[in-house]
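Results of the structural survey
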Number of protein chains: 2
Amino acid sequence: MATPSIKEVAQRAGVSVGTVSNFLNRPGIVAPETRQRVQDSIKALGFVRNEAARHLRAGRSRTVGLVVLDVTNPFFTDLAEGAEALAYEHDTVVMLCNSKTDPVREGHHLDQLEQQRVMGILITPFDSTDPRLTALVDRGTPVVLVDRTADRGLCSVSVDDQLGGRLAGKHLIESGHRRIAFIGGPFTMQQVADRKAGITAIVEETGDVDLQHYEVDVMGVVEGRAIGEQLAALPARSRPTAAFLANDLLALGFLQGMAVAGLRVPRDMAIVGYDDIDFARAAAVPLSSVRQPAELLGRSAMELLQEEVESAERHRHRQVIFQPDLIVRDSSDFKRRR
Amino acid sequence: MATPSIKEVAQRAGVSVGTVSNFLNRPGIVAPETRQRVQDSIKALGFVRNEAARHLRAGRSRTVGLVVLDVTNPFFTDLAEGAEALAYEHDTVVMLCNSKTDPVREGHHLDQLEQQRVMGILITPFDSTDPRLTALVDRGTPVVLVDRTADRGLCSVSVDDQLGGRLAGKHLIESGHRRIAFIGGPFTMQQVADRKAGITAIVEETGDVDLQHYEVDVMGVVEGRAIGEQLAALPARSRPTAAFLANDLLALGFLQGMAVAGLRVPRDMAIVGYDDIDFARAAAVPLSSVRQPAELLGRSAMELLQEEVESAERHRHRQVIFQPDLIVRDSSDFKRRR
DNA sequence: TCAGGCGATTTAGACGATTCAACTGGGGTC
DNA sequence: GACCCCAGTTGAATCGTCTAAATCGCCTGA
């Protein structure tokens, strides 16, 4: 026995389909007695609304696509959390898609979302200049970039990565470090480049500080550890006394590398990471890290999208930029460790 | 200008909508010349299929819901990977939903999925005896339990957790350990209880082995570390020489606890975790762990679902159980470390 | 020349919910 | 008694796609 439709509900309640629809959407205009009958009928039949039919009629669905680079990364799940919270208030569903930093997967997800006529798409794109994104908008699906800054005709929410790099650099310099390593990669990634630019800027402003760059292909624990062991092998006199790593996974690996080599953190090597994931706080030596307001980012992206959907024609694209915070913990703090 | 429909495509190509539909679904029966014209028209207008309309017509959507307890956990993303791979082959979309171990969120997701008339739902439920699940099936949405064993009328795929516990225990006993700690919790969780039962069984079969239980509320890094420090504080004579932890996060924390207390792993304390997440391999001392075939689990779940969808009436529910593997690394291996 | 057949295409409903103009009937007003 | 009002309800049209049945040419073989 198939799921009953509004028609069967109407029949059983002895009313027309229009009334049932009214009950569902504008219960106020239905007479109390009728309301009760429809209610009972729905319950008795186990009626469940058919979203597909609603969408078809409405022209647009009540779903928003959220495409992220890596669902495993807590930064993105926090972001999703923020987006979902706001979506929930507006009776909207978020469809989470994991592109895994793969443009092909990303494209596939975008195709699917467009076919579903989603209300809009929030995306941390592999390449924010991808013409496909603006094409989507032209064909009527609003797109908001997340954790990326849009230049052209798109809305975006992002975090000031240059400032993040600056904060980390300032903190290390003020703690007395004069030989600092920046570790991240690939340097072609916007985020990484900006963080590097930030610390480079403050280093140059200060003068008399030696900043070294180490590039990695992937920002994972394994790579961080390798670089850590590499640095640890340098003679103490020329070795950096502090390292700023472009994400926390790198930093965690780096920390392990120090432990393996017998260097003490922060005494022999101060460490600052980026993202402030939960693991950072729970590490053997709690990790200092630059925190991004992930949840707020998600929430704001959803806000921009809803604004765009509602105001349609007269909508002006906006680029919102948030500021990161430096969270200082033991890994870069002499005083705490005594 | 709204997205064009099949109708406009037909008009521009000088054919009927039926032909366009045929082109889309059975291109073989359309004359090559006509095919070309339709093709061109689609391209010129930027036509994109409307899934909502297809669903409405077909009665069911081509989407499968996958509800997991924690998207941040690599185990579940690997699982999703397996499910998606098979889905892709069948031209199906997977909608990933994160319940965050919250029954309310889980319920909300289930409601949404049912309203969308998804093809079916794969779920690692908060409570596998939830009547809501069988209600879904009764109303026509197939459900397959993942990483849980169904007792009643449901399909399920799971991993033999008792065997996992057994493997870990056997390995430690054969390595010569006679005082072993089992750490996990809450013990009421099926998974945890099974792993505990597994190691308990082999311990009893062997005899002359002292197995101690430590229960935690949450299986996270912080808790593992706390227990680690607690054990490290015991006098060496009565302290367990090996620990089996019910997940890798606990084990990682435990490992940190050892480091902080100055105990060497595996010499002073051998460690075996569960799940074999990436972090386990990359830890300061690479972690031995019981691996679950996550991707296979996801793939099989999807297989069962598709089987159920296709054979409909004459489908018999099945419970598939996979076997875990023990991956031995340095944390429990004397020989490797010399 | 015509029946039959075949490939290609068209036509005509569904599918389920929503919406809106049209209707109903009871009550009040003049 | 004629009129209007209004809350409540109805019925039909609509959204875009798919499919089964109907139709159209055109060719072949008798």
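These figures come from a predicted structure and were not determined experimentally.

So, the overall build of chain A
Along the backbone of chain A there are 14 helices and 12 strands. For chain A, the share of sequence-separated contacts (at least 6 apart) that also reach a separation of at least 24 residues comes to 69%. A total accessible area of about 14900 Å² is found for chain A, and carbon and sulfur atoms account for 50% of it. One finds the centroid of the 40 positive side-chain charges in chain A at a distance of 4 Å from the centroid of its 45 negative side-chain charges.

Focus: the relation of the copies chain A and chain B
Superposition of chain A onto chain B requires a rotation of 180 degrees combined with a translation of 0.2 Å along the rotation axis, giving an RMSD of 0.2 Å. Both copies of the chain, as the preceding transformation shows, are related through a two-fold rotation axis. Mapped onto chain B, 98% of the interface residues of chain A again fall at the interface, so both copies present the same surface.

As for the protein's contact with DNA strand D
Of all residues adjacent to DNA strand D, which total 22 residues, the nearest are Thr19 and Thr34 of chain A together with Ile6, Arg54 and Arg57 of chain B. The sugar and phosphate moieties of DNA strand D supply 70% of its atoms located within 4 Å of the protein. Take isoleucine 6 of chain B: an N or O atom from its main chain is 2.5 Å from a phosphate oxygen of DNA strand D. A distance of 3.4 Å separates a phosphate oxygen of DNA strand D from a polar atom in the side chain of arginine 49 of chain B. Mapped by element, the contributors of at least two residues to the surface near DNA strand D are α2 (17-25) and α4 (51-58) of chain A together with α2 (17-25) and α4 (51-58) of chain B.

Section: the interface of chain A and chain B
Taken together, the contact pairs 45 residues of chain A with 44 residues of chain B. Carbon and sulfur atoms supply 58% of the area that chain A and chain B bury against each other, a total of about 4100 Å² over both sides. The largest contributions to the chain A side of the interface with chain B come from Gln115, Arg117 and Phe279 of chain A, which together make up 14% of the buried area. Between chain A and chain B we count six salt bridges in total. Those elements giving two or more residues to the side of chain A that touches chain B turn out to be α4, α5 (74-89), β2 (93-98), α6 (103-115), α10 (221-232), α11 (248-261) and α12 (278-282) of chain A. Of the residues contributing to the side of chain A that touches chain B, the split by class is 21 nonpolar, 12 polar and 12 charged.

A few points about the protein's contact with DNA strand C
Taken together, 23 residues form the shell around DNA strand C, and within it Ile6, Arg54 and Arg57 of chain A together with Thr19 and Thr34 of chain B come nearest. Between DNA strand C and arginine 54 of chain A, the relevant distance is 2.7 Å, taken from a phosphate oxygen to a side-chain nitrogen or oxygen of the residue. Contributions of two or more residues to the surface near DNA strand C are made by α2 and α4 of chain A together with α2 and α4 of chain B. With four residues, the top contributor of residues to the surface near DNA strand C is α2 of chain A.

Some thoughts on the sheet that holds strand β6 (residues 179-184) of chain B
Each strand in a sheet pairs with its neighbour through backbone hydrogen bonds, running either in the same direction (parallel) or in the opposite one (antiparallel). Residues and elements named next belong to chain B. Spatial strand order, β7-β6-β8-β9-β10-β12: six strands in an open sheet with mixed pairing. The open sheet has two edge strands with one neighbour each: β7 (210-215) and β12 (325-327). Taken over all neighbouring pairs, the strand axes of this sheet differ in orientation by 20 degrees on average, direction set aside. One ladder, built from three bridges, connects strand β10 (residues 288-291) with β12; its direction is antiparallel. If you follow valine 290 over to β12, its bridge partner there is leucine 326. Relative to β6, helix α9 (residues 190-206) is tilted by about 170 degrees, and along the sheet it contacts β6, β7, β8 (242-245) and β9 (270-275). The sheet contacts of helix α11 (residues 248-261) involve β6, β8, β9 and β10, and relative to β9 the element is tilted by about 155 degrees.

Let's talk about the pattern of salt bridges
A full pass over the atoms with the stated rule returns 36 salt bridges over all chains. Two residues, arginine 105 of chain A and glutamate 81 of chain B, come together in a salt bridge whose shortest N-O distance is 2.9 Å. Of this pair, arginine 105 of chain A sits in helix α6 while glutamate 81 of chain B sits in helix α5 (residues 74-89), each in a different chain. Each of the two residues, arginine 105 of chain A as well as glutamate 81 of chain B, counts as buried. It is possible to trace a salt-bridge network through shared partners that takes in Glu51, Arg54, Arg62 and Asp91 of chain A.

Points about α9 of chain B
Residue and element names in this part refer to chain B. Spanning 17 residues, α9 covers 24 Å between terminal C-alpha atoms, matching the ideal 24 Å at 1.5 Å per step. Buried residues of α9: Gln191, Val192, Asp194, Arg195, Gly198, Ile199, Ile202 and Val203, and no others. Check the buried side of α9 and you find it contacts α8 (161-174), β6, β7, β8 and β9. Two residues or fewer past α9, glycine 207 is found with a positive phi of approximately 75 degrees.

Here's the deal with the packing of helix α10 (residues 221-232) of chain B against α11 of chain B
Residues and elements named next belong to chain B. Direction vectors running N to C along α10 and α11 enclose 40 degrees, while the axes themselves pass 6 Å from each other. Judged on the interaxial angle alone, α11 and α10 are oblique. As α10 packs across α11, the resulting crossing turns out to be right-handed. Within the contact between the two elements, α10 uses Val221, Glu223, Gly224, Arg225, Ile227, Gly228, Glu229, Leu231 and Ala232 and α11 uses Leu249, Leu250, Gly253, Phe254, Gln256, Gly257, Met258, Val260 and Ala261. When the residues that make up the contact of α10 with α11 are grouped by side-chain class, the tally is 10 nonpolar, five polar and three charged.

Conventions we followed
- Residues numbered from 1 in each chain as written.
- Chains lettered and ligands numbered in written order.
- Predicted model: local features only at pLDDT ≥ 70, side-chain atom pairs only at ≥ 80, totals over all residues.
- Heavy atoms only, no water.
- Helix = DSSP H or I, 4+ residues; strand = E, 2+ residues; numbered from the N terminus.
- Contact = heavy atoms within 4.5 Å.
- Areas by Shrake-Rupley, 256 points an atom, 1.4 Å probe, with all protein chains shown as cover.
- Lys, Arg positive; Asp, Glu negative; His and termini not counted.
- Charge placed at Lys NZ, Arg CZ, Asp CG, Glu CD.
- Least-squares fit on C-alpha atoms with pLDDT ≥ 70 in both.
- Near = heavy atom within 4 Å.
- Polar contact = N/O pair within 3.5 Å; in protein donor to acceptor, adjacent residues only side chain to side chain.
- Buried area = accessible area lost by both parts, 1.4 Å probe.
- Salt bridge = Lys/Arg side-chain N within 4 Å of Asp/Glu carboxyl O.
- Nonpolar A, V, L, I, M, F, W, Y, C, P; charged D, E, K, R; others polar.
- Pairing = 2+ DSSP bridges.
- Axes fitted to C-alpha atoms, helices over the stretch in contact; angles between N-to-C directions.
- Buried < 20%, exposed > 50% of the residue type's maximum accessible area, 1.4 Å probe, protein only.
- Expected span 1.5 Å × (residues − 1).
- Parallel < 35°, antiparallel > 145°, perpendicular 65-115°, else oblique.
- Left-handed = near helix turned anticlockwise from the far one by under 90°.

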